[in-house]
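Close look at the chain arrangement
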Amino acid sequence: MKKITTETIRRKKNSDEPITMLTAYDYPTAMILDEAGIDILLVGDSVGMVVLGYEDTTQVTMEDMLHHVKAVTRGSKRSLIVADLPFLSYHLGVHEAVKNAGRLIQEGKANAVKLEGGIEVVDQTKAMVNAGIPVMGHLGLTPQSINQLGGYYIQGKSEEKAKKLIEDAKALEEAGVFAIVLECIPTELAELITKNVNVPTIGIGAGANCDGQVLVTHDILNLYSNKSPKFVKEYANIQEIITEATKNYIEDVKSKTFPSSEHVFHIDESVMNLIIYGGNN
Ligand code: KIV
């Protein structure tokens, strides 16, 4: 079992081997996905929505991220672990960005960090890379900017916006990112960006011509909402399984069929007698 590194990910682009990435936020999920062979585990700030019940990702804090990153790194042996830098953890200047990225690596034991944005985050990206921190970019639909974007809509459909995304991708590549997530952009544009940068692109709602794919694990397992975006493929319905199991448990407890003989512990009869009758029996 060889640990996946940023170098492994870079090589996959060159050998045209698709990169697989899923989100993980806790120890058991990290263990399962890691052992199943996923290349990258992303501790995404989507944790805020799908695990913590926040309205959007702008509410996620560094402490939230560290808590979940630590659990994931404890559960994973092989996958590359990328931790999201949450909203406002890298916007207040280069110093703050490096400090927070450093915490995700040093305290959380993540292997790399991800931040959202293009040209506007180039300085922070360069500073992190200079500090020895591998950085993944994230372009297109950037959920931390939800209040500017006005909703979770497809991005880069006009000539101007598409050109800006191409420039952003180039700027991130020059700043030293090892990969770029392309979220919710037209498949043709994602293909063009993928051909125009030397670092791998990892798509989510960006079509089949990226160098890899990422999805939110809670979406592919239907564990969060019944209304997943169009680009999600559901691979299992865990909600149904949990509901069914819970109903069965309730029924068993109410009908006293659980616990049954195989679930209980026994005490020696002579000890029991001593407890009930004392030493006089
Ligand atoms: O937070 C997250 O889960 C993400 C993915 C959607 C790429 O950033």
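Look up a bit, the structure's there.
Just so you know, the residues in each chain are numbered from 1, in the order the chain's sequence is written. Totals for whole chains, interfaces and linings use all residues, but because this is a predicted model, local features are given only for residues with pLDDT of at least 70 and pairs of side-chain atoms are given and counted only at 80 or more. Side-chain metrics in this entry use all non-hydrogen atoms of the structure; hydrogen atoms and water are not considered.

Okay, the environment of Gly 44 next. Structurally, Gly 44 is set in the loop between β2 (40–43) and α3 (47–50). Judged by relative accessible area, Gly 44 falls into the buried class, the value being 2%. Considering only alpha carbons, one finds Gly 44 and Pro 86, 42 residues apart in sequence, at a separation of 8.7 Å. Runs of H or I in DSSP of at least four residues are treated as helices and runs of E of at least two as strands, each being numbered from the N terminus. Relative accessibility thresholds used throughout: buried, under 20% of the residue-type maximum; exposed, over 50%; partly exposed, between the two (1.4 Å probe, protein chains only).

With respect to spatial proximity, the complete set of residues near the ligand consists of Thr 23, Leu 42, Gly 44, Asp 45, Ser 46, Asp 84, Lys 114, His 138, Glu 183, Ile 204 and Val 216. Each accessible area is a Shrake-Rupley result for a 1.4 Å probe, and residues are judged covered by the shown protein chains and nothing else. For the ligand, whose unbound accessible area comes to 260 Å², protein coverage reaches 95%. Within the shell around the ligand, the residues separate by chemical class into 3 nonpolar, 4 polar and 4 charged. We call a residue near a molecule or strand when any one of its heavy atoms sits within 4 Å of it. For this classification, Asp, Glu, Lys and Arg are treated as charged, while Ala, Val, Leu, Ile, Met, Phe, Trp, Tyr, Cys and Pro are nonpolar and the rest, including Gly, are polar.

So, on to a nonpolar patch on the surface. Patch definition: residues above 30% relative accessible area lacking any salt bridge, with like charges linked at up to 9 Å and the nonpolar side chains Val, Leu, Ile, Met, Phe, Trp and Tyr linked at up to 5 Å. The rule for a salt bridge is simple: a side-chain nitrogen of Lys or Arg has to be within 4 Å of a carboxyl oxygen of Asp or Glu. A surface patch of nonpolar side chains, amounting to about 570 Å² of accessible area, comprises Ile 267, Val 271, Met 272, Ile 275, Ile 276 and Tyr 277. Counting through the fold element by element, Ile 275 comes out in helix α12 (residues 269–277). Judged by its relative accessible area of 56%, Ile 275 is exposed.

Axes are the key here: two packed helices are described by the angle between their axes and the distance separating the axes. Between helix α8 (residues 159–175) and helix α9 (residues 187–196), the shortest axis-to-axis distance is 10 Å and the interhelical angle comes to 30 degrees. Between α8 and α9, the crossing angle belongs to the class labelled roughly parallel. The chirality of how α8 crosses α9 is right-handed. Here Ala 162, Leu 165, Ile 166, Ala 169, Lys 170 and Glu 173 of α8 come into contact with α9, specifically with Leu 189, Leu 192, Ile 193 and Asn 196. Residue composition of the contact of α8 with α9, grouped by class: 7 nonpolar, 1 polar and 2 charged. For helices, the fitted line uses only the C-alpha atoms of the stretch in contact; every axis is such a line through C-alpha atoms, and the angle between N-to-C directions lies from 0 to 180 degrees. An angle below 35 degrees is treated as roughly parallel, one above 145 as roughly antiparallel, one from 65 to 115 as roughly perpendicular, and anything else as oblique. By convention the crossing between two helices is left-handed if the near helix lies anticlockwise of the far one by an angle smaller than a right angle, and right-handed if it lies clockwise. Every residue pair with non-hydrogen atoms within 4.5 Å of one another is taken to be in contact.

So, about unusual backbone geometry. Omega for the peptide link from Phe 258 to Pro 259 comes to -5 degrees, which places this bond in the cis form. The topology assignment puts Pro 259 in the loop between α11 (238–254) and α12. Phi at Cys 184 takes a positive value of approximately 55 degrees, unusual for a residue other than glycine. Locating Cys 184 in the fold gives a position in the loop between β6 (179–183) and α9. Residue classification places Cys 184 among the buried residues on the basis of a relative accessible area of 10%.

With that settled, the discussion passes to helix α4 (residues 62–75). The first and last C-alpha atoms of α4 sit 20 Å apart over 14 residues, in line with the 20 Å expected at 1.5 Å per residue. Along α4, 10 of the 14 residues are buried, which leaves the element largely enclosed by surrounding structure. Those residues of α4 that sit buried are Met 62, Asp 64, Met 65, Leu 66, His 68, Val 69, Ala 71, Val 72, Thr 73 and Gly 75. Buried positions along α4 lie against α2 (27–36), β2, α3, β3 (80–84) and α5 (94–106). Here a helix's expected span is defined as the number of its residues, less one, multiplied by 1.5 Å.

Another aspect to go through is the sheet that holds β6. Here the rule is simple: two strands pair whenever DSSP picks up at least two bridges between them. Spatially, the 8 strands close up into a barrel ordered β1-β2-β3-β4-β5-β6-β7-β8, and their pairing is parallel. Across this sheet, the average inter-strand angle for adjacent strands is 25 degrees, counted without regard to direction. Pairing analysis gives 4 bridges linking strand β1 (residues 19–23) to strand β8 (residues 212–215), with the strands arranged parallel. Each residue of the ladder has a partner; that of Met 21, found in β8, is Val 214. In the packing of α5 onto the sheet, the strands contacted are β3 and β4 (112–114), and the crossing angle to β4 comes to about 135 degrees.

Joining through side-chain atoms within 4.5 Å is the link that ties buried Ala, Val, Leu, Ile, Met, Phe, Trp, Tyr and Cys residues into a set, and such a set is a nonpolar core. Formed by 66 residues in total, the largest nonpolar core has its most connected members in Ile 40, Leu 104, Met 136, Leu 182 and Ile 202. Counting residues per element, this core draws most heavily on α4, at 5 residues. Discounting residues that sit within four places of it in the chain, Ile 202 has contacts with Ile 19, Met 21, Ile 40, Met 136, Ala 179, Ile 180, Val 181, Leu 182, Cys 210, Gly 212, Gln 213 and Val 214.

Among the 5 residues that make up β1, 4 are buried, leaving the element largely enclosed by the rest of the structure. Two elements, β1 and β2, share 3 bridges in a ladder whose sense is parallel. Residue pairing across strands places Leu 22 opposite Leu 41, the latter belonging to β2. On the question of chirality, the crossover connecting β1 to the parallel β2 by way of α2 is right-handed. Throughout, right-handed denotes a crossover for which the path from the first strand over the helix to the second runs clockwise when the strands point away from the viewer.

Shape is all these values report; function is a separate question.
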